[in-house]
Structures are given as structure tokens and as C-alpha cells.
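# Inside the fold
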Amino acid sequence: MFQPKKKRPRIRKTMSGLIALTLLSSIVFPSIAGAEPAEPSQVQFANVSVQAGQTVHVPVALKKSYFGVKAYNMQIDYDTSALEIVRITPKSVNVISTSPNEDGVADFQYQINNGEGWVRIIWVDFTGGDHSIVDETQLFDMEIKAKSNAAPGTKQLSVDQTDSEHWHFTNVEHNSGAQLSGGTITITAANSGGDNSGSTPTPNPGNSSGGGGGGSVSPTSPVVTPVPSTPAVTKGVDIYVNGQKQEQSATATTSTVNNQVTTTVHVDNEKVINQIGSGLKTLLLPITGTGKGAVVGELNGKLVKTMEGSNAEVVIQTDSGTYTLPANQIQVDQILNQFGSTVPLEDITIQIAIVPSATSKQTAIQAAADKLENTTVIAAPIDFEVKAIWNGQQVNVDRFNSYVERSITLPEGVDGSKITTGVVLQPDGSLLHVPTKVIKGNVQDSAIINSLTNSTYALIYHPATFSDVSSHWSRDDVQDLASRLIVQGTGENVFAPDRSITRAEFTAVLLRGLGLHSPRSTEAASFTDVKTGSWYEDEVQTAVSYGLISGYADDSFRPNSEISRAEALTIVSRAMKLVGLAQADASETTSLLSTYSDSAKVQAWAAEPVASAIKQELVQGGDGKLMSDADISRAQSAAIVKRLLAKAGLI
């Protein structure tokens, strides 16, 4: 049932600014002599869907305007039995500043009345037309809650367009009026399941816990916005472009949802875009003072796409951690394909979030650590998320084309030397290594994690020693990788460092070191001798998907055969591409190999890979020999993998 037509609300004296704006927005500016009447402007409310008890964002956009809009006012009515307005957020930040003019009147104001079921929005360009709103611009965003007792069905946001007090648009040169479309809200039944811990929605663990450098976004899904339990507080904040402070170029809104404090930073997209011509490389959003609260940085797709063209990165910096994300890893074009190629980029909201993990995840990580010997979880786990939102739909950016860096700040008093690695929780409840290095700080240490995915990350202390390497040349390498869950012993406190290693074993060690725990694609590897259900089946599939292994001409992989040094270094050289290490070119290969007395024994197919390993100091040889045909040992494998990760700056 729709609300009846209402008279213009009485506004108290304390709303004098809104009264002034109402009067100004009703002024008809003189038409140019002899000019033809303009066509009506076209305004569109998004059509969205929402679950009962949840909130949804409804973008309001100017889709067409003959000369550009100088002022508008509108009163939007809604059914109070099913809906209520949570907040209104101006979006045309290039022309809507919301700051007071010299008379103390802000150019964008609104008033919400959830008792009677209306919200009134007014905007005026005080510059006299210099900053008019033009086509394809989002005017503002309405965050609307569907009440928990709302029945499934549709509700319509309505405006009385026949009443100039409820609907009035003024163009720069004509009073052309405006026509409205959209505004249907489809309410679906509440979902009784799920985790109610206050964390924002996260990707499926099966898609985010391991590698995936192919770069992908998940299919669209409805946006589920937790309802704030405290009034939202908005204030202006400073951001930094290439290290230079940009005052009042963003606003921060803080609210509490299920006892979780969340701060959302809305970037002034147009101001930042204007900086790109000056060589924008880094956009820093430093949000401190939030403690263990969640922080979400909001940009639009237009800004991200523009940053992508200049190879810029966005950095979210919080009390609990930092997320450094190159704009080209957000993959705006793939997101646009999910929503539809005609969707304006400025209408797509990109959220980059650092969120304390849900209680259920913390419990699962602790349970997994308890199953490991001598393992302690250090600090609470954190979720790093990227999502795109448009018209009530959401896609999660799960995987990246190159390693993306994030950091976790350790609590005061926690010694970084007590961190052996960062881990991700697997769907089967196990913990697996992700490349991690600890940075000492003046007050607090931090752990830098590099990964090809988004996920939930925890830090553990898992010291490992083996009796048979205590006096072995490989002791430090072996025990370091064991403490990172990359290599394992062969028995009780035994590593067997000089034993040869099989092709399957070497592949598994390299994948664990790189933090690649699942294939980057669904294309199946077809080797005649890789048995379904074998322990190495998934490792072989993952290695093939990343181009690390290719097998033999007879379509075999020979997983249980010992691997030679040349074969191992060939696989490592392919991994060098993934971590960004330069390989030896043809001109370097001969000179690099010539320093070894047995270089003639290096087969042609292995020459450049072996030379690349020499170039990056991953191998040194022995007694002036490469011994490329000899089997590689478990200790040598550990040493090479550790050098690869260290050289790439991953550990």
C-alpha cells in the first residue's frame, strides 16, 4: 500500500539552510532569447532486491540532461510498513560539496522522516551554473532497509511529479523539468542461516584459500548490507596522493553492526581523477583510531579504471593492517562484464576492506593449529576483501594476476621473531603457508603477506627442528621451511636431508613455498600415470595450471621418479616468471654456464633454465661443477626454494 500524497513538510527554524535551498531550487532561471525549450531531464532510481531485515543501496542518477542541472528538489515517498531510510549519501562529489557557502547554507541537504515515510533531498549550485550536473552522473545514494517483518513482494519508491514542491529540476538555461523512472524494490524472505558475527560477506573459501593468478571475479550475488545498530557518524578525512595530503577529499562514516565498528571511507572520485594527469601513482587512505574495527575504502569503477591506466595503486592503512592493491588487479573490465557492458563505471562501487575475521573462522583456525604439533596462533585473523557493487548486485574479486601485498600489525608487546609464517584456512580445516616476512617496527612489528588471492589470514609460531640436520649445511634452510609448513620430516624428528626427492615431492614443496594451493583454472591435466585419488593429484593439477610442469612426450609425468637437478631448475625457472625474477637471455646463457667445468653436459632444453638459476644465485654448484644430471636431494630442494622466495622478496 502506497503512502498518500503529503503536503510539503513543515521544517523547523533549525533547518533554515534547507528552507533557503528550497527557495533557491524553485527559481526559474531566464531562458536565452530565442532558444528552443529543452527536453526534460531523465532521472533514474535503480531497481533493486533485498532480503527482509537487510539493507540495500539504491543509486539515483541523472541519465540525460539537455543543458545540465543547476538545482533540484525532490520528496521521495515509501511504504513505512516495509521500508525505512538508513542514510542518504551525495555522490556527485565533483559538483556537490555539501560544504556551507558564505551565508552558512550547504548546497546539498536532506531530511528523513521514517515515521511518515518520506525523505526530502535538495541541491543548488551556488556558483550560478559553473558546476552544473551533467548526463550520466549519480546524484546520490539511498541506503534503505527492508524491515524484518516485511512480507515478500515489491514496493515502489514514489514521487509526486505534479507537485513542484515535491519534484522540481532547474537547468542552467531552461526550466525544462525532469522525468523519473525506476524505484522498484523487490523484498525476498529473510535468510535464517549464516554467520552473524558482523564480518562483511567473504568469497567462498574454496575459491580464495590458495593460488589463482589467473585473475578472476566471482559471479554476481545480491548485496547483503548489515544494518547499523548505532547512528552513523560522518566526517571529512584527509587522503594522500603520491605522499601529498589532499584535505577533505574523502568522508568517513562510522557505525556499529553486531558489536563490530565499521568505518567506510568514501573517496572524492573526481578530485582524485584530476590528480592522475599529474602522474598519480599511489592513493593512500590512512584510517587510524579504529582499533580492531573494520575499515572499508570506497572508490567507483571510473576512478579505478583511470588509475589502472596509470599503473597506480590504492593503499588502505588501518590500525590492524595495510592492504596495497594495484588498480589493475581489481580487473574492472571483468567486473563490468558481470554487471553488463553498458553500466556506467561511475555507478559501480568498489569496496576494499580489512575486516576482523568472524568468530567461526577464528575457532576453525585455532582448531587447525591445535592439530599441528608445537603451534601457536599469534594475533586474531583478518579478512582482506575486494568487492564491486551495482544496482543491488555484488561480485567478489577473488584472484589476482600477480602477488598482492597486505600486512597484519602485531599487537603491542608481541615479538615479530615469534612469527614463523602466515597461513590460510583450507576448506578441509587445515592450515597452509602463504609467503610471509616480518618487519620490525619502532613500536609494533608487522607481518607482510603476499598472495595471489584474497582470503582469511592468520599468523602462527611453529618452530621446527630435526636431529639429523643439526650439523648439516642445510640446517637453517630446512628448519626455516619446516617452520613455515613448506617441508616435512620423514619420521620422528628426522628429515633425511641427503635422500633424493621425487618429481611429485619436489612439485609439492615448490607449490607450498609459493602459496599455490589450488589450480588457477578448471582445465584438467591429463597424464597417464597420475592416479585419481593419489596424494599428489591436486599438486600436479595446480602445477600444470600455472605452467610449472608439462610432463614427457609420452603423456606421462613420472611422479615417483627421482628428479634431476636440471629438471628441478627447469620447473624453478618457470616459477621465476610468476614471482617476477628476471631470467637469463640467450646471450647470457653461454657465459653463465661457461664458468662450470661440466657445462657441456647441460642439455639444450635445460641450458637457459639452469643459467637463469645461476643468474639469480639460486644454485652454486660444487667443486666447479653443475652436476645437472644428478638427482637433487631433499636438502638441496629446500635450499633452492628458500632462495627463490627470498630473492623474490616473498619471505
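In what follows, the accompanying structure is described. (Residues numbered from 1 in each chain as written. Predicted model: local features only at pLDDT ≥ 70, side-chain atom pairs only at ≥ 80, totals over all residues. Heavy atoms only, no water.)

## Let's talk about the overall build of the protein
Helix and strand counts for the protein stand at 13 helices and 29 strands. Counting across all 651 residues of the protein, residues that qualify as buried make up 53%. When contacts within the protein are restricted to residue pairs at least 6 apart in sequence, those whose partners lie at least 24 apart make up 77%. About 27700 Å² of surface is accessible on the protein, with carbon and sulfur atoms providing 48% of the total. (Helix = DSSP H or I, 4+ residues; strand = E, 2+ residues; numbered from the N terminus. Buried < 20%, exposed > 50% of the residue type's maximum accessible area, 1.4 Å probe, protein only. Contact = heavy atoms within 4.5 Å. Areas by Shrake-Rupley, 256 points an atom, 1.4 Å probe, with all protein chains shown as cover.)

## Some words on helix α10 (residues 565-579)
Look at α10: 21 Å from first C-alpha to last across 15 residues, which is about the 21 Å you get at 1.5 Å a residue. Here α10 lies mainly inside the structure; 13 of its 15 residues are buried. A positive phi of about 85° marks G580, the residue just after α10. (Expected span 1.5 Å × (residues − 1).)

## A look at the environment of V237
Structurally, the position occupied by V237 is in strand β15 (residues 233-241). The class of V237 is buried, set by a relative accessible area of 13%. Taking the C-alpha atoms as reference points, V237 and V267, 30 residues apart in sequence, are found 9.4 Å from one another.

## Notes on the layout of surface pockets
Of the pockets and cavities examined, the second largest pocket occupies roughly 860 Å³. Along the wall of the second largest pocket there are 35 residues; nearest its centre are L372, H462, L485, V487 and Q488. Among the elements of the structure, α6 (359-371), β26 (431-434), α8 (503-514) and α9 (537-545) are those that each provide at least two residues to the lining of the second largest pocket. Its residues placed into classes, the lining of the second largest pocket shows 15 nonpolar, 13 polar and seven charged. (1 Å grid on protein atoms, 1.4 Å probe; cavity = no way out; pocket = protein on both sides within 12 Å on 5 of 7 lines; lining within 4 Å. Points joined across faces, edges and corners; volume = space filled by probe spheres on them. Nonpolar A, V, L, I, M, F, W, Y, C, P; charged D, E, K, R; others polar.)

## What about the packing of α8 against α10?
The interhelical angle for the contact between α8 and α10, taken along N-to-C directions, is 20°, at an axis separation of 11 Å. With respect to α10, the axis of α8 lies roughly parallel. Here α8 runs over α10; the crossing is right-handed. Contacts between α8 and α10 involve R503, F506, T507, L510 and L514 from the first element and E567, A568, I571, V572, A575, L578 and V579 from the second. Residue composition of the contact of α8 with α10, by class: nine nonpolar, one polar and two charged. (Axes fitted to C-alpha atoms, helices over the stretch in contact; angles between N-to-C directions. Parallel < 35°, antiparallel > 145°, perpendicular 65-115°, else oblique. Left-handed = near helix turned anticlockwise from the far one by under 90°.)

## Structural notes on the side chain of S545
Following the sequence through the fold, S545 ends up in helix α9. Reaching out from S545, the side chain makes a polar contact with the backbone oxygen of T542 at a distance of 2.7 Å. Not counting residues up to four positions away in its chain, the partners in contact with S545 are P519, R520 and S521. (Polar contact = N/O pair within 3.5 Å; in protein donor to acceptor, adjacent residues only side chain to side chain.)

## Here we look at unusual backbone geometry
A positive phi angle is found at Q331, which is not glycine, with a value near 60°. Within the element layout of this structure, Q331 appears in the loop between β21 (321-326) and α5 (332-339). On the basis of relative accessibility, which here comes to 6%, the residue Q331 falls in the buried class. Phi at A379 takes a positive value of approximately 70°, unusual for a residue other than glycine. You can see A379 is positioned in strand β23 (residues 376-390). On the accessibility criterion, A379 (24% relative accessible area) is partly exposed.

## Here we look at the environment of A586
Along the polypeptide, A586 turns up in helix α11 (residues 586-593). Here A586 falls in the exposed class, since its relative accessible area comes to 55%. Distance in space between the C-alpha atoms of A586 and A607 is 9.3 Å, their sequence separation being 21 residues.

## Remarks on the packing of α11 against helix α12 (residues 604-615)
Running from N to C, α11 and α12 point in directions that differ by 70°, and their axes come no closer than 9 Å. For the element pair α11 / α12, the angle class is roughly perpendicular. Touching A586, E588, T589, L592 and L593 of α11 are A607, E608, V610, A611, I614 and K615, all from α12. Among the residues making up the contact of α11 with α12, the classes are represented as seven nonpolar, one polar and three charged.

## Considerations on the nonpolar core
Across soluble globular proteins, you tend to see nonpolar side chains buried next to one another. Of all hydrophobic cores here, the largest spans 61 residues; its most connected members are L514, L516, L548 and L644. Among the secondary structure elements, those contributing two or more residues to this core are α7 (475-483), α8, α9, α10, α11, α12 and α13 (634-647). Among the elements that line this core, the one with the most residues is α10, at nine residues. Not counting chain neighbours up to four residues away, the residues in contact with L548 comprise L510, L511, L514, L516, A543, I571, R574 and A575. M307, I348, I354 and V434 belong to the second largest nonpolar core, which has 53 residues in total. (Core = buried A, V, L, I, M, F, W, Y, C linked by side-chain atoms within 4.5 Å.)

## Some details on α13
For α13, built from 14 residues, the straight-helix expectation of 20 Å at 1.5 Å per residue is met to within 8% by its first-to-last C-alpha distance of 20 Å. Turning to α13, its buried residues number three or more, namely R634, A635, S637, A638, A639, I640, V641, L644 and L645. Tucked inside the fold, the buried residues of α13 contact α7, α8 and α10. The first or second residue beyond α13 is G649, which carries a positive phi of 75°.

Treat this as a map of the structure, not an account of what it does.
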